[in-house]
Each structure stands twice: as C-alpha cells, then as structure tokens.
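Report on the structure
Given next are the chains, with one letter for each unit.
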Amino acid sequence: MKQFISFVIKEAKHIVRDKRTMLILFGMPIVMMLLFGFAITNDIKNVRIIIVTSNADYATQQATNRLAASGFFTIAKVVATPAEAEQSIRNQEADMAIVFSQDFASKKSGFQLIVDGADPNMAQQWSNYASTILMNPKENIINTKLLYNPQMKSAYNFVPAIMGMLLMLICAMMTSISIVREKEKGTMEVLLVSPTRPLMIIIAKVVPYLVLAFVILIAILLMATFVLGVPVQGSLFWIFLISTIYILLALSLGLLISTVAQTQLVALLLSAMVLLMPIVMLSGMIFPIESMPQILQYASAIIPTRYYISAMRKLMVMGVGVEQVYHEMIILTSMLVALLLLSLAKFNKRLE
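Source: prediction; values computed, not measured.

The next subject is the overall build of the protein chain. The helix and strand inventory of the protein chain stands at 14 helices and four strands. The buried share of the protein chain, taken over its 352 residues, is 43%. Pairs at least 24 residues apart make up 76% of the contacts formed inside the protein chain by residues separated by at least 6 positions. As displayed, the protein chain offers around 18,400 Å² of accessible surface, 64% of which is attributable to carbon and sulfur atoms.

Our next topic: the UniProt feature "transmembrane region" (unreviewed entry) in the protein chain. In the UniProt entry, the feature "transmembrane region" (unreviewed entry) is given for residues 21-40, 158-180, 206-230, 236-258, 265-287 and 325-345. With 84% helix and 0% strand, residues 206-230 has end C-alpha atoms that lie 31 Å from one another. Between the first and last C-alpha atoms of residues 236-258 the distance is 32 Å; the span itself is 100% helix and 0% strand.

Glancing now at the nonpolar core. Core analysis: the largest hydrophobic core is formed by 71 residues, its most contacted members being M163, M168, I242 and Y308. Elements with a minimum of two residues in this core: α2 (19-39), α7 (155-185), α9 (198-226), α10 (236-260), α11 (264-282), α13 (304-318) and α14 (326-346). Residue contributions to this core peak at 20 residues, all from α7. Judged by nonpolar contacts, the second largest core, of 17 residues, contains I49, I51, A130 and I133.

On to the pattern of salt bridges. Enumeration over the complete set of coordinates arrives at four salt bridges. Measuring nitrogen to oxygen at the nearest pair gives 3.1 Å for the salt bridge that ties D95 to R48. Taken together, the residues span a long stretch of sequence, with D95 in the loop between α4 (82-90) and β3 (96-100) and R48 in strand β1 (residues 47-52) at a distance of 47 residues. Taking relative accessible area as the criterion, R48 reaches 30% and is therefore assigned partly exposed. In this structure, K77 and E93 form a salt bridge, with 3.2 Å as the shortest nitrogen-oxygen distance. A residue pair is termed long-range when its members are at least 10 positions apart, and K77 in strand β2 (residues 73-79) and E93 in the loop between α4 and β3 qualify at 16 residues. K77 gets classed as partly exposed once you look at its relative accessible area, which sits at 34%.

What follows is about α13. For α13, spanning 15 residues, the distance from its first C-alpha to its last is 21 Å, which sits close to the expected 21 Å at 1.5 Å a residue. Of the residues making up α13, those classed as buried are P304, T305, Y307, Y308, I309, A311, M312, L315, M316 and V317. Positive backbone phi, at 70°, marks G319, one or two positions downstream of α13.

Here we have four strands laid out as an open sheet, ordered β2-β1-β3-β4, and mixed in their pairing. Every interior strand has two partners, whereas the edge strands, β2 and β4 (111-115), have only one. Taking the axes of each pair of neighbouring strands and ignoring which way they run, one obtains an average angle of 25° across the sheet. As defined by bridge partners, β3 adjoins β4 across five bridges and the pair is classed as antiparallel.

Position of S252 relative to the elements: it lies in helix α10. Once residues lying within four places of it in the same chain are set aside, the contact partners of S252 are L336, L339, L340 and S343.

What follows is about the packing of aromatic side chains. Scanning the model with the defined rule gives four aromatic pairs in all. On the numbers, 6.5 Å between centres and 85° between planes, the contact of F72 with F73 is edge-to-face. Accessibility expressed as a relative area gives 28% for F72, which makes it partly exposed. When the ring of F72 is compared with that of Y129, the centres are 4.8 Å apart and the planes differ by 80°; the resulting orientation is edge-to-face. You can see F72 sitting in the loop between α3 (58-69) and β2 and its partner Y129 sitting in helix α6 (residues 120-134), a full 57 residues away along the chain.

Another point: the packing of α3 against α6. At a minimum axis distance of 9 Å, the contact between α3 and α6 shows a crossing angle of 130°. Between α3 and α6, the angle falls in the class oblique. Where α3 crosses over α6, the handedness of that crossing is right-handed. When α3 is examined against α6, the residues A63, R66 and L67 are found in contact with a partner set consisting of A130, I133 and L134.

Calculation rules
- Residues numbered from 1 in each chain as written.
- Predicted model: local features only at pLDDT ≥ 70, side-chain atom pairs only at ≥ 80, totals over all residues.
- Heavy atoms only, no water.
- Helix = DSSP H or I, 4+ residues; strand = E, 2+ residues; numbered from the N terminus.
- Buried < 20%, exposed > 50% of the residue type's maximum accessible area, 1.4 Å probe, protein only.
- Contact = heavy atoms within 4.5 Å.
- Areas by Shrake-Rupley, 256 points an atom, 1.4 Å probe, with all protein chains shown as cover.
- UniProt positions renumbered as here; feature names shortened; annotations may be inferred.
- Core = buried A, V, L, I, M, F, W, Y, C linked by side-chain atoms within 4.5 Å.
- Salt bridge = Lys/Arg side-chain N within 4 Å of Asp/Glu carboxyl O.
- Expected span 1.5 Å × (residues − 1).
- Pairing = 2+ DSSP bridges.
- Axes fitted to C-alpha atoms, helices over the stretch in contact; angles between N-to-C directions.
- Phe/Tyr/Trp six-rings, centres within 6.5 Å; stacked < 30°, edge-to-face > 60°.
- Parallel < 35°, antiparallel > 145°, perpendicular 65-115°, else oblique.
- Left-handed = near helix turned anticlockwise from the far one by under 90°.

Right under this line is the structure:
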C-alpha cells in the first residue's frame, strides 16, 4: 500500500510541477465556459431591421414600437419601398426587413419579411421572433409556454455540452500523455520491473487525474450557477455518479491511446484529433442528432459524450429523476467496462 501511495504522490508532483499541464487542466475549462457562456451564443439580440411602410398609421407605429421594445431587434431605418430595404440588406446594413401592407391595420397579418438567409438557422429564428411580436396580442393568435428555459438562454444548452467535451478531452489527453511520457524518458521499464504490479502502476497514474477531474467538474458547476446563471435543477448525487462513470470511461480511453502512441506528440494528436472532431460534430453538442443524415446518426451512437450530454441536460436543466436517464447510464457503463477491459488487455508488461 505504501508503494501505491508513493506512486500516486509521484504522479501528483509531476502534474503540479508541469506549468503547461496545470494551464490546460484549469485554464481550458474557464476559457471554454466564458466563451460558450457569453461569446458563442444562439441568443437573439440586436438584430438590425428595416421598416418598410408607405402608410405610417397608428397600427404600424405600434408594431414597430413592440419590435424595438422586445430587446431582440434594433430599428436600423425606415424606407418607402421593398427594393430599398433589399438593397440595404445586400449592402450588409441590416439583417431583416419588415414590409407592412396597406391593410395591416385591419388584418394585423399583412406584412412580409425579407431576411438575410446566409445563416438559415438564425434567419428562421429571426422570422419566428418577428412574426410572434407582430401578431395582434389582443387576438391571442400565438400562446407559447417555454418549459425549463423560459429566458431561452443558450448557456442552458451549452453548459452540459461543455462538461462532456472538457472532461473527455482533459481526462483522455492527460492520461495518455502521462503514460507515454514514462516511455519517452525510459522510466516505464523501471516501474514495470518494480515489485508493484502493473495494474497498480496504472491505477496510481490515473488517481491524480480522477481527483483533478472532480475538481474541474465542481468548478464548472459553480461557474454555471454563479457566473452564467444556469440553475442545477436535478439531484447532485446522480449528477456526480454519472459523471464518475463518464470520467472513468475517459481515463480508460486515455489509457488505450497510451498503448498505441509511442511519443507524447502522437498521444496528443490522437487525443485531440480522434476525440475533438467527433465530440463537437456528432455528440449533439451543437447540432441536433435528429437532423443529421442516417449514417451519421449511427456513427454518433458510439460517441460516449452524446449520452453524457443527454443525461446532464435531463438532470441539470430539466430536473428529472434518475429513472429518466437509465438508458444513458447503462450505455455509459457498458462502454466503460468494454474500454477498460480492452485497455488492460493491450497494456504490455514488456516495453518493445
């Protein structure tokens, strides 16, 4: 037991002394949370609109005031013809134009939207927001009730996704580099011929990263709550339990990468390139899986981050019970067992 503790302390000292490692471990989560929480957002704000009207009556003025007061839109200018508005959009002077018809006061629906469609997703959101505001509120044409995220804040969607991406990248990357570093320095052979069993050596190298992963998880949850204003609705016990399964899975994947890579650079490239792109593109972090082609939906089924993000969104944002995340928990546990067995099977006691 003393030897095991000595190995753990040795690895912990390696981590603390390496400034680059510490920067990655603690700098990346903070930067990513701030970027996705404040800079990278799908929230509708300050959309520049042009009002097109040849009859500036009371009804069109009231509709224009509602748009300006909503906080979503900024009135860029008022023109007389749709052609002028379209040219302004082409000149990048505005994002959208609203053309009021002569009978808008009587129909309350006589308007046309001219939208910059370069980004189709945002164009659809702008159109939906504007249409909802322009409808006559007295007629109750649209009555929408938003559950779980009434303010429609992007942070509610991004925080669980950032947790899944960071924990996977940091745990897998750091673990793989740690073991490969021993190979490069020639100290792995010394460790393997020591009285301590190879399995204990692996566990000793993993324990410090396991502890650091929980520190990062707690930091993310605190930043989400007190900086980004994302409440944690569900049980912290189940959030930490599922996170533990996911962290162990990421550490097992890092161990598997270390058995393949011979240098730290190769381990870093494998961790970053093999993990980063699938996580961002196929995990549902940014793009809905249901909207992907069928073959990519099948490919996303092997991405562990997909199930972790889904479970965290249900537990953190929706506040559901654990029975609603049994599916994700079973899949993550199965992946953990498979990866751990494969990693241990490939770990060779003799260096080639």
